[in-house]
Amino acid sequence: MSVRAPDEKLTIKEVLADLRIPPATFHRWRQLGKGPRSIKLPNGQIRIRRSEYERWLSEREDAA
């Protein structure tokens, strides 16, 4: 069992698989400023810190 580092960098493909959403939805969220903060690498690829992704998800939880 591997332990994931909080600052591990996730690819968009990994985030899409976790959320089970199509790429267009994720890119629309990014355009609207509603997606998790991301890092644009010099080669144009996008990465998302695991800690940022988890924070973003937590903010969307329903308060019961």
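Residues numbered from 1 in each chain as written. Predicted model: local features only at pLDDT ≥ 70, side-chain atom pairs only at ≥ 80, totals over all residues. Heavy atoms only, no water.

### Some details on the nonpolar core
Here is the rule: Definition used in this section: a nonpolar core is a set of buried Ala, Val, Leu, Ile, Met, Phe, Trp, Tyr and Cys residues joined via side-chain atoms within 4.5 Å. Note on exposure labels: buried denotes an accessible area under 20% of the residue type's maximum, exposed denotes more than 50%, and partly exposed covers the range between, all computed with a 1.4 Å probe on protein chains only. Helix and strand definitions follow DSSP, with helices as H or I runs of at least four residues and strands as E runs of at least two, each counted in order from the N terminus. Only heavy atoms matter for contacts: two residues are in contact if any of them lie within 4.5 Å across the pair.
Among the nonpolar cores identified, the biggest contains 10 residues, and these are Leu-10, Ile-12, Val-15, Leu-16, Ile-21, Phe-26, Ile-46, Ile-48, Tyr-53 and Trp-56. Secondary structure elements with two or more residues in this core: helix H1 (12–19), strand S3 (46–49) and helix H3 (50–59). Broken down by element, this core gets its largest block of residues, three residues, from H1. In this view, Ile-12 contacts Phe-26, His-27 and Ile-46; residues no more than four positions away in its chain are not counted.

### Brief notes about the sheet that holds strand S2 (residues 39–40)
Going by this rule: Only strands that DSSP links by at least two bridges are regarded as paired with each other. With axes taken as lines fitted to C-alpha atoms, and helix axes fitted only over the stretch in contact, angles between N-to-C directions fall between 0 and 180 degrees.
One open sheet holds the three strands; their spatial order is S1-S3-S2, and the pairing between them is antiparallel. Across the chains shown, the open sheet's two edge strands, defined by having one partner strand only, are strand S1 (9–11) and S2. Where S2 lies against S3, two bridges are found, and the strand directions are antiparallel. Across the sheet, the residue bridging to Lys-40 is Ile-46, located in S3. Sheet strands touched by H1: S1 and S3. Its angle to S1, the strand with the most contacts, is close to 75 degrees. Packing of H3 onto the sheet brings it into contact with S1 and S3, and relative to S3 it is tilted by some 70 degrees.

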